[in-house]
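Remarks on the overall topology
Next come the chains, spelled out residue by residue.
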Amino acid sequence: MTESAALTQLNERFRGYYPVVIDVETGGFNAKTDALLEIAAITLKMDSNGWLVPDQTFHFHVEPFEGANLEPAALAFTGIDPHSALRGAVTEREALDHIFKGIRKGLKANKCQRAIMVAHNAAFDHGFVMAAAERAELKRNPFHPFATFDTASLAGLALGQTVLAKACKAAGMKFDGKEAHSALYDTQKTAELFCLIVNRWKKLGGWPLGPIETDQAVS
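Here the residue numbers are simple positions, counted from 1 along each chain's written sequence. Owing to the predicted nature of the model, reporting of local features is limited to residues with pLDDT of at least 70; listing and counting of side-chain atom pairs is limited to 80 or more, with chain, interface and lining totals taken over all residues. Side-chain metrics in this entry use all non-hydrogen atoms of the structure; hydrogen atoms and water are not considered.

- Looking at an unreviewed UniProt entry, the protein chain carries the name Ribonuclease T, with the source organism given as Oceanisphaera pacifica.
- According to its UniProt record, the protein chain has this under Function (unreviewed entry): "Trims short 3' overhangs of a variety of RNA species, leaving a one or two nucleotide 3' overhang. Responsible for the end-turnover of tRNA: specifically removes the terminal AMP residue from uncharged tRNA (tRNA-C-C-A). Also appears to be involved in tRNA biosynthesis."
- Word for word, the UniProt comment on the protein chain under Sequence similarities (unreviewed entry) is "Belongs to the RNase T family." UniProt positions are given in the numbering used here, feature names are shortened, and annotations may be inferred rather than shown by experiment.

Written as structure tokens, this is what we have:
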């Protein structure tokens, strides 16, 4: 493989990590005690020119685990009725098993070593996914146990905004506030935002990595 061809490979861009965008909707803020109610995941890929783009989408409504806490304020915020049969909810194990299998296929296809979660305020989503995987006793969790790509931090650097809606608008993206706090919509917007930031860095000459000037004076 030539050097230029290698730079269009996903496994060359993030040190062998496979980025997967995640958003969760929950019954509170405590990953150990509060219910996971909805999860969406979007895998990413490089096109033939080395631009990062969304790939596969996974989306599930999730049944609260036995004994899960459901904070009324959290349910009012998301508008989720966890007991509605119309949600078509599945167990945590079913949702994560399906998502993890899809991620493992992507890992193999892209010759990546491990998945890394991309999320907006990533510690929150990462905590809930890890806690749910532990409850479901899923041994083959593809995600790094603590490393993440946080689009709140990246957007603060690249766009001067840390709130998802404001960051999207600063980037020239459409954002429908009425659709916000749906795991699927927020994951789609987070994926679009992450790809935009990564691709803009490439357009500006930041990737492939060139010589770094270390002797420039800092004013």
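1. Let's talk about the sheet that holds strand 2 (residues 36–46)
- DSSP bridges decide pairing: two strands pair if at least two such bridges lie between them. By the criteria applied, helices consist of DSSP H or I runs no shorter than four residues and strands consist of E runs no shorter than two, each listed in order from the N terminus. Spatial ordering of the open sheet is given by 3-2-1-4-5, a layout of 5 strands whose pairing is mixed. Unpaired on one side and paired on the other, strand 3 (52–61) and strand 5 (143–150) mark the two borders of the sheet. In this sheet, neighbouring strand axes are inclined to one another by 30° on average, regardless of whether the strands run parallel or antiparallel.
- Across 5 bridges, strand 1 (residues 17–26) lies against strand 4 (residues 114–119) in parallel orientation. If you follow V21 over to strand 4, its bridge partner there is V118.
- Relative to the sheet, helix 4 (residues 92–109) contacts strand 1, strand 2, strand 3, strand 4 and strand 5, its axis offset from that of strand 3 by approximately 160°.
- Only heavy atoms matter for contacts: two residues are in contact if any of them lie within 4.5 Å across the pair. Every axis corresponds to a line fitted to the C-alpha atoms, with the helix fit spanning only the stretch in contact, and the corresponding angles, defined between N-to-C directions, vary from 0 to 180 degrees. Helix 6 (residues 151–159) rests against strand 4 and strand 5 of the sheet, and its axis sits at about 25° to strand 5.

2. Let's talk about the packing of helix 6 against helix 8 (residues 183–203)
- One can describe the packing of helix 6 onto helix 8 by two numbers: an axis separation of 10 Å at closest approach and a directional angle of 45°. Taken as axis vectors, helix 6 and helix 8 run oblique relative to one another. The crossing of helix 6 and helix 8 is left-handed. Judged by residue contacts, T151, L154, A155, A158 and L159 of helix 6 engage T190, L193, F194, I197 and R200 from helix 8.
- Under this grouping Gly is polar, as are all residues other than the nonpolar Ala, Val, Leu, Ile, Met, Phe, Trp, Tyr, Cys and Pro and the charged Asp, Glu, Lys and Arg. A breakdown of the residues in the contact of helix 6 with helix 8 according to their chemical character gives 7 nonpolar, 2 polar and 1 charged. Roughly parallel means an angle under 35 degrees; roughly antiparallel means over 145; roughly perpendicular covers 65 to 115; every other angle is labelled oblique. Handedness of a crossing is defined here by the sense of rotation of the near helix relative to the far one, left-handed for an anticlockwise turn of less than a right angle and right-handed for a clockwise turn.

3. Overview of the environment of A76
- Structurally, the position occupied by A76 is in helix 3 (residues 72–78).
- Sequence separation between A76 and G27 is 49 residues; the distance between their C-alpha atoms is 9.7 Å.

4. Regarding the packing of helix 4 against helix 5 (residues 122–135)
- One way to put it is that helix 4 packs onto helix 5 with a least axis distance of 9 Å and a crossing angle of 110°. In terms of their interaxial angle, helix 4 and helix 5 are classed as roughly perpendicular. Read as a crossing pair, helix 4 and helix 5 show a hand that is left-handed. Only V129, A132, A133 and R135 of helix 5 make contact with helix 4, whose side of the interface consists of E92, L96 and F100.
- Classifying every residue of the contact of helix 4 with helix 5 by side-chain character gives 5 nonpolar, no polar and 2 charged.

5. Observations concerning the pattern of salt bridges
- Salt bridge criterion: a side-chain nitrogen from Lys or Arg within 4 Å of a carboxyl oxygen from Asp or Glu. Taken as a whole, this structure holds 5 salt bridges when the rule is applied.
- The partner of D97 in a salt bridge is K101, and the shortest N-O contact between them spans 3.3 Å. Separated by 4 residues within a single helix, D97 and K101 lie in helix 4, roughly one turn from each other.
- Each residue is placed in one exposure class: buried if its accessible area under a 1.4 Å probe, protein chains only, is under 20% of its type's maximum, exposed if it is over 50%, and partly exposed if it falls in between. Residue D97 is classed as partly exposed on the basis of its relative accessible area of 25%.
- You can call K101 partly exposed: its relative accessible area is 45%.
- Here K189 makes a salt bridge to E192, at a shortest N to O gap of 3.0 Å. Highlighted residues: K189 and E192, both in helix 8, separated by 3 residues, approximately one helical turn.
- Look at K189 and you get buried, because its relative accessible area is 10%.

6. Focus: the UniProt feature "active site" (unreviewed entry) in the protein chain
- As recorded in UniProt, the sites labelled "active site" (unreviewed entry) are H181.
- With respect to the helices and strands, H181 occurs in the loop between helix 7 (164–170) and helix 8.
- Take H181: its relative accessible area is 32%, and that puts it in the partly exposed class.
- Other than its neighbours up to four places away in sequence, H181 contacts E25, F77, T78 and D186.

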